[in-house]
2 protein chains.
Amino acid sequence: MTVKQLSMPELVDACGELGIPGVGLWRAPVQSYGLERTAKLVREAGLTVTTLCRGGFLTAIDPAERTKALDDNRLAVDEAATLGTDTLVLVSGGLPAGSKDLHGARERIADALAALGPYAEERGVRLAVEPLHPMYAADRCVVSTLTQALDLAERFPAHQVGVTVDTYHIWWDDRAPEQIARAGAGGRIHTFQLADWTTPLPEGVLNGRGQLGDGSIDMREWKAYVEAAGYTGPIEVELFNDGLWARDGREVLAETAARFTRHAA
Amino acid sequence: MTVKQLSMPELVDACGELGIPGVGLWRAPVQSYGLERTAKLVREAGLTVTTLCRGGFLTAIDPAERTKALDDNRLAVDEAATLGTDTLVLVSGGLPAGSKDLHGARERIADALAALGPYAEERGVRLAVEPLHPMYAADRCVVSTLTQALDLAERFPAHQVGVTVDTYHIWWDDRAPEQIARAGAGGRIHTFQLADWTTPLPEGVLNGRGQLGDGSIDMREWKAYVEAAGYTGPIEVELFNDGLWARDGREVLAETAARFTRHAA
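- Naming follows an unreviewed UniProt entry, where chain A appears as Sugar phosphate isomerase/epimerase of Streptomyces liliiviolaceus.

Here is the structure:
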């Protein structure tokens, strides 16, 4: 998504050229290029699919909407399995229209995880609940802290449900380092993502994630936390940024790789 | 600040007309109208000044900047005393330019509180550390949760340093209710403010606070928490909202009073 301006073949080619060994994919571009076709493309290029983003949006109250959401998440699990990744990232969803009940919404996520966890396990896929920054609590994700994400995940086996650790969403939280240790001890860090925090935030606060090194987050500090917690998996850089999307995709990918080396490697 | 389009005499007049018994004032409009003149105006109208907003911005590293900030905060304490309010709200300040050290910034706030607390006490003024929403952690306030605000405040006597409880900043936090109980038990809820959470957030995320009832926050729920914690002080409505500011101020004040009755009283 960091370089969504690249087509799937351009992305795979650019990763090969830059020596980037793995990539997190999003469902829409995969569906658009074709699921089997994407799977074949990355397999033949020797590129690892680190995660599939994203399932989730599991907070609906209406039974028909809930059924539809669960069906879509089973499909996302199937897609992950086809792409050869073992991790599906879940963005839980916001408050249903008119609701002010965060606690109830979080409980409905737990209900959904109970249904989806075994389905995913059978297909070799783990669910990675991602806490999103509290500024998304109303309209995107009622799971706002790593503590909350782990409180949900720990109701299930770690090989079914873990968490996504993303610096952008948790950097402000002084309890996050201890929660990373908690997640690591339980084998629940299913992916680790980097983005920097820059201000001012854009309208809608969705597409202002900063290039590594441009903002307030010490990437090495957070990398040290997950490593101390035993994490040895891939590190993803996920930048939603209108400025980066307006530029040449290969150039942005090369810059991102260089920034990763400078600020995180 | 909710009706900053009103002049000080218009504000005082409108409060009297609507039966609003108290008002939180901001420093800039007070200074602009004149400190002594404002004090006389509210005193003669029988209007209580609930709080003065705001001191703070105490995170600078540079010694000259720190001295300047402390001087300005002493002046704010003096202003609060002159206005006859016992509470000065503090917005702590963000990260200094180039710094990524949230912990260090929070410690410098503690140092400043140690200097300001006794000064305020001598003048009959309490400092109310306000946790701001985590989306302001970089550029406005490194104190992001009620837990952090209390961790700071509890290093000092409660009659010197307490906290501001503002629904807008803490509504997403499932630990906030227990922290309100903690604050109340220690006599540290120095003011209670209401604003609703509406989306999408505007660019810069500063002036999008929702009118009561327009958003995701259950005002009565939070009012019940502070009341259960023993709080009996004034309840302020503080809305930074470009849309409200563009309208007739008296109309907005009347609407706000009506919304308060409907959603919080």
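**Quick notes on the environment of B:Arg262**
Then, number 1: Residue position: B:Arg262 is located in helix H11 (residues 249–263).
Then, number 2: Between the C-alpha atom of B:Arg262 and that of B:Leu212, which follows or precedes it by 50 residues, the distance is 8.9 Å.

**With respect to the sheet that holds strand S4 (residues 126–129) of chain B**
Residue and element names in this part refer to chain B.
Then, number 1: Strand order in the open sheet formed by seven strands is S1-S2-S3-S4-S5-S6-S9, with parallel pairing between adjacent strands. Both edges of this open sheet fall to strand S1 (22–26) and strand S9 (235–237), since each of them pairs with a single strand only. When strand polarity is set aside, the average angle formed by the axes of neighbouring strands in this sheet is 30°.
Then, number 2: As defined by bridge partners, strand S2 (residues 48–56) adjoins strand S3 (residues 87–91) across four bridges and the pair is classed as parallel. Across the sheet, residue Cys53 finds its bridge partner in S3, namely Val89.
Then, number 3: Where helix H9 (residues 219–228) meets the sheet, its contacts fall on strand S5 (161–166), strand S6 (189–194) and S9, and the angle it forms with S6 comes to roughly 175°.

**With respect to the interface of chain B and chain A**
Frequently, the measure chosen for interface size is the accessible area removed from exposure when the parts meet.
Then, number 1: Contact residues are listed per partner, giving 31 residues for chain B and 31 residues for chain A.
Then, number 2: For the pair chain B and chain A, the summed buried surface comes to about 2400 Å²; carbon and sulfur atoms form 61% of the total.
Then, number 3: Of all residues in chain B, B:Lys100, B:Trp171 and B:Trp172 give up the largest surface area on contact with chain A, accounting jointly for 24% of the area buried on that side.
Then, number 4: Summed over the shared surface of chain B and chain A, the number is zero salt bridges.
Then, number 5: Linking chain B with chain A are eight residue pairs in polar contact (both at pLDDT 80 or more).

**Topic: the nonpolar core**
Then, number 1: By size, the foremost hydrophobic cluster in this structure holds 164 residues, and its most contacted members are A:Met135, A:Trp171, B:Met135 and B:Trp171.
Then, number 2: The contacts of B:Met135, once residues within four sequence positions are left out, are A:His133, A:Met135, A:Trp197, A:Leu201, B:Tyr168, B:Trp197, B:Leu201 and B:Val205.

**Topic: the sheet that holds strand S2 (residues 48–56) of chain A**
All names here are of chain A.
Then, number 1: Here we have seven strands laid out as an open sheet, ordered S1-S2-S3-S4-S5-S6-S9, and parallel in their pairing. Every interior strand has two partners, whereas the edge strands, strand S1 (22–26) and strand S9 (235–237), have only one. Between one strand axis and the next, the sheet turns through 30° on average, direction left out of account.
Then, number 2: Sheet topology note: the strand S4 (residues 126–129)/strand S5 (residues 161–166) ladder contains three bridges and is parallel. Directly across from Ala128, in S5, lies its bridge partner Gly162.

**A word on the packing of aromatic side chains**
Then, number 1: Overall, the coordinates contain 13 aromatic pairs over all chains when judged by the stated rule.
Then, number 2: Between the aromatic rings of A:Trp172 and B:Trp172, the centroid separation amounts to 5.5 Å while the plane-to-plane angle is 85°, which identifies the pairing as edge-to-face. Remark: B:Trp172 occurs in the loop between helix H7 (167–170) and helix H8 (176–185) and A:Trp172 occurs in the loop between helix H7 (167–170) and helix H8 (176–185); the pair is interchain, linking two chains.
Then, number 3: You can call A:Trp172 buried: its relative accessible area is 1%.
Then, number 4: An angle of 75° between the planes, with centres 6.4 Å apart, marks the rings of B:Phe192 and B:Tyr231 as edge-to-face. Of the two residues, B:Phe192 is situated in strand S6 and B:Tyr231 in the loop between H9 and S9; the sequence distance between them amounts to 39 residues. Of the two residues, B:Phe192 and B:Tyr231, neither departs from the other in class, the shared state being buried.
Then, number 5: Grouped by ring-pair contacts, the aromatic residues A:Trp26, A:Phe240 and A:Trp245 constitute a single cluster.
Then, number 6: We note A:Arg37 situated over the ring of A:Tyr33; from NZ or CZ to the ring centre the distance is 3.9 Å.

**Details of the relation of the copies chain B and chain A**
Then, number 1: Mapping chain B onto chain A leaves a residual RMSD of 0.0 Å; the transformation is a rotation of 180° accompanied by 0.0 Å of translation along its axis. Such values leave the two copies arranged in the relation of a two-fold axis. Ranked by how close their C-alpha atoms come to the rotation axis, the residues of chain B are headed by B:Glu203, at 1.9 Å.
Then, number 2: Counting the interface residues of chain B, we find that 100% of their copies in chain A are interface residues as well, pointing to one common contact surface.

Rules used in this analysis
Residues numbered from 1 in each chain as written. Chains lettered and ligands numbered in written order. Predicted model: local features only at pLDDT ≥ 70, side-chain atom pairs only at ≥ 80, totals over all residues. Heavy atoms only, no water. Helix = DSSP H or I, 4+ residues; strand = E, 2+ residues; numbered from the N terminus. Pairing = 2+ DSSP bridges. Axes fitted to C-alpha atoms, helices over the stretch in contact; angles between N-to-C directions. Contact = heavy atoms within 4.5 Å. Buried area = accessible area lost by both parts, 1.4 Å probe. Salt bridge = Lys/Arg side-chain N within 4 Å of Asp/Glu carboxyl O. Polar contact = N/O pair within 3.5 Å; in protein donor to acceptor, adjacent residues only side chain to side chain. Core = buried A, V, L, I, M, F, W, Y, C linked by side-chain atoms within 4.5 Å. Buried < 20%, exposed > 50% of the residue type's maximum accessible area, 1.4 Å probe, protein only. Phe/Tyr/Trp six-rings, centres within 6.5 Å; stacked < 30°, edge-to-face > 60°. Lys NZ or Arg CZ within 6 Å of the ring centre and 35° of its normal. Least-squares fit on C-alpha atoms with pLDDT ≥ 70 in both.

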